[in-house]
Each structure stands twice: as C-alpha cells, then as structure tokens.
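Structural features, examined
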Amino acid sequence: MFVVIRFRVEPGEQPGFFERLRGAVEVLGKQKGFVAARAGRNADDPELLALTMEWENIGSYRRALSPYEVKVAAVPLLSQAIDEPTAYDDVPEFMP
C-alpha cells in the first residue's frame, strides 16, 4: 500500500519544512513495515509539496503512527497536511 500526503508550503518556508520532513521520515523509516519514501514539488504549483511512502500493508502504516518518537517527530508535521484521504491500496488489475 502507499500513502500520499500533500502540503501547501510557501517557498520561503520550504527549507525548514524539508528539514522537519527529513526528520519525520527518518523516524517513520525505522518502523516495522516501512518500505520507501520520497518527496516532490508540483511542477505547476511550487507551493504544493507531496510526500509518498510505501508500506507493507495498511496495518503497518497505522501502527507506525503510534510510537512516542513518531508522535513527537512526525505527527506535528503530518498534521499540517492538506485534509484529504492519504492511504491507497494497490490495484491488482493495474499491476504489470
């Protein structure tokens, strides 16, 4: 499964935001079931940023949000995300 979390961040605030994002992903990356993460900036709207993460399954992603160190390092940043659904199951019919 994968997660897409979008943020709206003014360009002047992005260096600090990416520093906090790296810290959040570092902590999340230590959680069981984490596979990979990447971040990107929208090509047409430079204030729109996205974090994508891949997890073994939805349970591992949800459990990864519970440990204390994640609540301290990641949850405050994730709470700044655009309010929309973030978790997606892979679609077997599409997979090559």
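For the structure, check the block above.
Structure report, in brief. (Residues numbered from 1 in each chain as written. Predicted model: local features only at pLDDT ≥ 70, side-chain atom pairs only at ≥ 80, totals over all residues. Heavy atoms only, no water.)

Right, let's talk about the pattern of salt bridges for a bit. Under the counting rule described, the total for this entry stands at three salt bridges. Ionic pairing is found between R8 and E47, a salt bridge with its closest N-O pair at 3.9 Å. Of the two residues, R8 is situated in strand β1 (residues 2–8) and E47 in the loop between β2 (34–41) and β3 (48–55); the sequence distance between them amounts to 39 residues. Given a relative accessible area of 28%, E47 falls into the partly exposed group. (Salt bridge = Lys/Arg side-chain N within 4 Å of Asp/Glu carboxyl O. Helix = DSSP H or I, 4+ residues; strand = E, 2+ residues; numbered from the N terminus. Buried < 20%, exposed > 50% of the residue type's maximum accessible area, 1.4 Å probe, protein only.)

Turning to the packing of aromatic side chains, a few remarks are in order. All chains considered together, the criterion is met by five aromatic pairs. For the ring pair F2 and Y88, a centre distance of 5.4 Å and an interplane angle of 10 degrees mean the geometry is stacked. Of this pair, F2 sits in strand β1 while Y88 sits in strand β4 (residues 87–88), and the two are 86 residues apart along the sequence. Owing to a relative accessible area of 31%, F2 belongs among the partly exposed residues under this scheme. Relative to F18, the ring of F17 has its centre 5.8 Å away and its plane inclined at 70 degrees; by these criteria the two rings are edge-to-face. Residue F17 shares its accessibility class with F18, and that shared class is buried. Each member of the aromatic cluster is reached from another via a ring pair, and the members are F7, F17 and F18. (Phe/Tyr/Trp six-rings, centres within 6.5 Å; stacked < 30°, edge-to-face > 60°.)

Once that is clear, we can look at the sheet that holds β3. Read from one edge to the other, the open sheet built from four strands follows the order β2-β3-β1-β4, with strand pairing classed as antiparallel. The sheet is open, and its two edges are formed by β2 and β4, each paired on a single side. The pairing of β1 with β3 spans seven bridges and is classified as antiparallel. In the sheet register, F7 faces β3, and the bridge partner there is L49. Its contacts with the sheet put helix α1 (residues 14–28) on β1, β2 and β3, and the angle it makes with β3 is roughly 10 degrees. (Pairing = 2+ DSSP bridges. Contact = heavy atoms within 4.5 Å. Axes fitted to C-alpha atoms, helices over the stretch in contact; angles between N-to-C directions.)

Structural measurements only, silent on function.
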